[in-house]
Amino acid sequence: MPSCLLIAFVHFFWCRTLDYALQDAFKEFLEVRGINVELGNFLIRHLHNKEQKQYVKWLHSLDSIIKKGLESG
C-alpha cells in the first residue's frame, strides 16, 4: 500500500468493496489530476514541518509566559 494518506484512505475504505475495473478507473482519475503518492508524500512532509514550527512557536510562548511569571513573583 502506498504511503500517501489519501490513497491509503481510499484503498482501505473504498477499494476493498469496489471491483478491480472501478479501482483502476478511480486511480487513473486521481492521477490525471495530480493526486498521487508523490503529492501525498509532499503533503505529509509539509504538514509535519508546519506542525513542528507551530510547536516551537508554542514552546517559545510558554517560555516567555513562565519567565514573566517568575520575574513578577
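Here the structure is a predicted model, which is why all the values come from computation and not from measurement. (Residues numbered from 1 in each chain as written. Predicted model: local features only at pLDDT ≥ 70, side-chain atom pairs only at ≥ 80, totals over all residues. Heavy atoms only, no water.)

1. Describing the packing of aromatic side chains
Within the structure shown, the criterion is met by 2 aromatic pairs. Ring plane angle 15° and centroid distance 6.2 Å describe the contact between Phe26 and Phe29, whose orientation is recorded as stacked. Of this pair, Phe26 and Phe29 both sit in helix α2 (residues 20-32), 3 residues apart, roughly one helical turn. In this structure Phe29 comes out as partly exposed when scored by relative accessible area, which is 40%. Judged by centre distance (6.1 Å) and plane angle (20°), the rings of Tyr55 and Trp58 are stacked. Separated by 3 residues within a single helix, Tyr55 and Trp58 lie in helix α3 (residues 37-72), roughly one turn from each other. Overall, Tyr55 belongs to the partly exposed group, its relative accessible area being 45%. A residue is classified by how much of its surface remains accessible, and Trp58, at 48% relative accessible area, is partly exposed. (Phe/Tyr/Trp six-rings, centres within 6.5 Å; stacked < 30°, edge-to-face > 60°. Helix = DSSP H or I, 4+ residues; strand = E, 2+ residues; numbered from the N terminus. Buried < 20%, exposed > 50% of the residue type's maximum accessible area, 1.4 Å probe, protein only.)

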